[in-house]
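Listed below, chain by chain, are the residues.
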Amino acid sequence: MPKLQSIKGAYDLFGSNLNKFNQVKALFRQYCENYGYHEIETPVFEDLRVFKREGDTSDMVNKEMYVLGNDHKMGLRPEGTAGIIRAYVEHKMYVNEAPYKLFYAEKMYRKERPQKGRQREFTQIGVENLGPKKAIIDAETIALGYYFIKLLGLNDIEVLINTLGDYESRKNYTEALKAYFGHNIECLCDDCKKRLHTNPLRILDCKVDNQNDVLQKAPKIDEYLTAEAKNYFKEVLSYLDILEIPYKVEQRLVRGLDYYTDTVFEVVSTNDASGAQSTLFGGGRYDNLVEYFEGPATSGIGFAMGLERLLILMEAEGVISEDTEEIDTYIIDLTNSNPYVLKVASILRNNGFKVELNVYDRKLKAQFKSVARLNAKTVIIIGEDEIKEATVMLKNIETQEQIKVNLDELVDKLEEMVGNDIDE
RNA sequence: GCGGUCGUGGUGAAGUUGGUUAACACUCUGGAUUGUGGCUCCAGCAUUCGUGGGUUCGAGUCCCAUCGAUCGCCCCA
């Protein structure tokens, strides 16, 4: 049997790392609830058609999805939105008052080459806001993500925003680009020649061809936007101004998913620590997704944030609070496992105290080492004498004060000691 | 999916042009006259160098494969 290890791009999470994960998740849950969002969990695997829709050109769905089942009809979710919309329609959540707001913190799967800030199994925390389209909601959603990152203490971030117009605008624009670049294909780099077929909008964002004259003169999205779409976008921006959220309108910003319409946004890190994966969260509005799942015409907007990337940055910017774990008391046992010791521990634990007890035959000194390691606020020492008298030696680590207490008043005494510590 | 770099114990790591017992530090375990620690001192802890194969009298050190990590491309969270 060879030594087994975790699968490429999938990682074990434990100890202080898991702790940090849970801290950020807890904060996110709380913050989402401030905005009236409710948590949802959907299955990690779904019918392939949930993720892969007709005409979908994205790599994420076509190349990077883990396909499951003997008949290859299921897939591991590469993103959260599709599954949630499926659930939204399946359970007719649209009967609730709009907007209906959902958030999630779940694992996603994408078969890419692992890299810093990019794993095959990773965690996304995100939101979906379903209901009639309204500019104020777009701004509110961006605000939720932006302020959450600020709440974590992160500073080196930038908000990029753009509009794709409605579904028709986007389609027309894509066609126009295909035609335009098709005529000028010789001027493009090799990558862009490929992009012409896969994702023409991406050409606009090419680093190689950036200064290329052909690129500079390419058709602009503006020309394909309806007046309505333009006004909508303006309105979104005005709300962001009011909220004092700094943003940069990035005409070339295109998201990888095909379902986006109107507002799209991306928050990137400007910190070097994020390496080649600088996007912290991205999202946008989608007008047709609910209908795709046979639900009533409903718009939606959401974003997803990479939790692992968030933590890389928090580490780099030094904003992670290392919370020191402490326990209320450590029970030192000098008797070699007399049942009395276990009974005392049990009584205290049932009264809400965090208690650890010595279970091995160890010298007093070794046991005191555990006291320090576990960050115990108090120590309880039990030897033959204490058992005989049904008492316990209780010591306050901070003040060094030590008293003998009867078993029946131990809970109160400990409460006093531990309680005092908290007040100070 | 493509290209570059790397892979030594729980951790950080040293290991010369291949040559007997794999440095050092932290952690951990035990001890320093038998009921009071966090300091100090002493001792112990990798049959083995990601894994498999090859070259060689001899490989952690060279070659191949494989797995993994990492950086860039691509893509995206």
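Below or above, wherever it landed, is the structure these notes cover. (Residues numbered from 1 in each chain as written. Chains lettered and ligands numbered in written order. Predicted model: local features only at pLDDT ≥ 70, side-chain atom pairs only at ≥ 80, totals over all residues. Heavy atoms only, no water.)

As for helix H1 (residues 15-34)
Part 1 of the argument: Compared with the 28 Å implied by 1.5 Å per residue over 20 residues, the 29 Å span of H1 between its first and last C-alpha is a close match.
Part 2 of the argument: Along H1, the residues that are buried comprise Lys 20, Phe 21, Val 24, Lys 25, Phe 28, Tyr 31 and Cys 32. Here the buried residues of H1 occupy an arc of 130° about the axis, which is enough to place them on one side. Set apart from the buried face of H1 by more than 90 degrees, the exposed residues are Glu 33 and Asn 34.
Part 3 of the argument: In this fold, the buried residues of H1 make contact with strand S5 (100-109), strand S6 (121-131), helix H5 (135-151) and helix H12 (307-316).
Part 4 of the argument: Residue Gly 36 follows H1 closely and has a positive phi angle near 80°. (Helix = DSSP H or I, 4+ residues; strand = E, 2+ residues; numbered from the N terminus. Expected span 1.5 Å × (residues − 1). Buried < 20%, exposed > 50% of the residue type's maximum accessible area, 1.4 Å probe, protein only. Arc of directions from axis to C-beta. Contact = heavy atoms within 4.5 Å.)

What to know about a negative patch on the surface
Part 1 of the argument: A contiguous patch of negative charge on the surface is contributed by Glu 401, Asp 408, Glu 409, Asp 412, Glu 415 and Glu 416.
Part 2 of the argument: By secondary structure assignment, the location of Asp 412 is in helix H16 (residues 410-423). (Patch = residues over 30% accessible without salt bridge, like charges linked within 9 Å, V, L, I, M, F, W, Y side chains within 5 Å. Areas by Shrake-Rupley, 256 points an atom, 1.4 Å probe, with all protein chains shown as cover. Salt bridge = Lys/Arg side-chain N within 4 Å of Asp/Glu carboxyl O. Lys, Arg positive; Asp, Glu negative; His and termini not counted. Charge placed at Lys NZ, Arg CZ, Asp CG, Glu CD.)

Some thoughts on unusual backbone geometry
Part 1 of the argument: Residue Pro 99 is bonded to the preceding Ala 98 through a cis peptide linkage, with omega at -5°.
Part 2 of the argument: Mapping Pro 99 onto the fold places it in the loop between helix H4 (81-90) and S5.
Part 3 of the argument: The phi angle at Asp 262 is positive, at roughly 55°, despite the residue not being glycine.
Part 4 of the argument: As for its placement among the helices and strands, Asp 262 is situated in strand S9 (residues 261-269).

A few points about the layout of surface pockets
Part 1 of the argument: Of the pockets and cavities examined, the second largest pocket occupies roughly 300 Å³.
Part 2 of the argument: Along the walls of the second largest pocket sit 15 residues, with Leu 13, Asn 17, Phe 21, Gln 119 and Glu 308 positioned nearest its centre.
Part 3 of the argument: If you list the elements that add at least two residues to the lining of the second largest pocket, you get H1, S6 and H12.
Part 4 of the argument: The residue inventory of the lining of the second largest pocket, partitioned by class, reads six nonpolar, three polar and six charged. (1 Å grid on protein atoms, 1.4 Å probe; cavity = no way out; pocket = protein on both sides within 12 Å on 5 of 7 lines; lining within 4 Å. Points joined across faces, edges and corners; volume = space filled by probe spheres on them. Nonpolar A, V, L, I, M, F, W, Y, C, P; charged D, E, K, R; others polar.)

Side note on the protein's contact with RNA strand B
Part 1 of the argument: In the vicinity of RNA strand B lie 48 residues, with Arg 110, Arg 118, Arg 255, Arg 373 and Gln 402 positioned nearest.
Part 2 of the argument: Among atoms of RNA strand B positioned within 4 Å of the protein, sugar and phosphate together represent 55%.
Part 3 of the argument: Ala 276 places a polar main-chain atom, nitrogen or oxygen, 3.4 Å from a phosphate oxygen of RNA strand B.
Part 4 of the argument: Gln 400 is positioned with one of its side-chain polar atoms (N or O) 3.0 Å from a base oxygen of RNA strand B.
Part 5 of the argument: For the surface near RNA strand B, the elements supplying multiple residues, two or more each, are S6, helix H7 (190-198), strand S10 (279-286), strand S11 (299-306), helix H14 (364-373) and helix H15 (384-389).
Part 6 of the argument: Among the elements that line the surface near RNA strand B, the one with the most residues is H14, at six residues.
Part 7 of the argument: Classifying every residue of the surface near RNA strand B by side-chain character gives twelve nonpolar, 15 polar and 21 charged. (Near = heavy atom within 4 Å. Polar contact = N/O pair within 3.5 Å; in protein donor to acceptor, adjacent residues only side chain to side chain.)

Section: empty space enclosed by the protein
Part 1 of the argument: Applying the stated criterion across every chain, the model contains one cavity of 30 Å³ or more.
Part 2 of the argument: Each pocket or cavity is described by its volume, and for the largest cavity that value is around 30 Å³.
Part 3 of the argument: For the largest cavity, the full set of lining residues is Ile 40, Thr 42, Arg 77, Gly 80, Ile 84, Tyr 104, Glu 106 and Met 108.
Part 4 of the argument: At three residues, S5 tops the list of elements feeding residues into the lining of the largest cavity.
Part 5 of the argument: The class makeup of the residues in the lining of the largest cavity is four nonpolar, two polar and two charged.

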